[in-house]
Amino acid sequence: MATLDGIDRRLLAELQAEGRVTNVELAQRVGLTAPPCLRRVRALEDAGVIRGYHADLDASKLGFAITVFALVSLKSQAEESLRQFEDHMRTLPEVRECHMLNGEIDFILKIVSRDLQSFQEFLTSKLTPAPNVASVKTSLTIRTAKQVPGVPLEDQVG
């Protein structure tokens, strides 16, 4: 875990809330001048604390009307089998998240699709025949009550 002071945490909270803020505005918000602010942000990027900057896109406005969570069990949990499955999931653009779990289920996937027919095609042609897949259970999202990217920094800002 990175060692961060209060200013670093405020920088991260501000950038997490608004990634497009200018360096000058960011510096003002955290009580720095622009040059040390930029040095700190670059150091956080170099340390891998900040992995990137992303736009928050509205999936439905881009034609992706449904989100599905899939619980995947594999036939084998050997490391090579796990890696093959993960590598295959990285090639599927519909799979937006892939998390290995402990317990009965090996992976949970977050999948977006244009409609139910497109999802059914994806499920039968790409997911269930994937390497080492034993079973897939899916649940369609009815609505999303909360979707917050990042981590809860606000409570840690000093």
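Note that the coordinates shown come from a computational prediction; the quantities given were computed from them, not determined experimentally.

A. Fine view of the sheet that holds strand 2 (residues 95-100). The strand order 2-3-1-4 describes an open sheet built from four strands, whose pairing is antiparallel. Every interior strand has two partners, whereas the edge strands, strand 2 and strand 4 (133-140), have only one. The average angle at which neighbouring strand axes cross in this sheet is 20°, direction not considered. As paired elements, strand 1 (residues 66-74) and strand 3 (residues 107-113) share seven bridges and run antiparallel to each other. In the sheet register, valine 72 faces strand 3, and the bridge partner there is phenylalanine 107.

B. Inspection of the pairing of strand 2 at higher detail. Relative to strand 3, strand 2 is paired through five bridges, and the arrangement is antiparallel. When the sheet's bridge partners are listed, methionine 100 is paired in strand 3 with phenylalanine 107. Counting the residues in the hairpin turn of strand 2 and strand 3 gives six residues, including glycine 103, whose phi is positive at 105°.

Procedures and definitions
The residue numbering used here restarts from 1 in each chain and proceeds along that chain's sequence as written. Reporting of local features is limited, given that this is a predicted model, to residues whose pLDDT is at least 70; pairs of side-chain atoms are given and counted only at 80 or more, and all residues count toward the totals for whole chains, interfaces and linings. Just so you know, side-chain values use all the structure's heavy atoms and leave hydrogens and water out. Only strands that DSSP links by at least two bridges are regarded as paired with each other. Numbering goes from the N terminus for both helices and strands, where a helix is a DSSP run of H or I of at least four residues and a strand is a run of E of at least two. Axis definition: a line fitted to C-alpha atoms, over the contacting stretch in the case of helices. Angles run 0 to 180 degrees between N-to-C directions.

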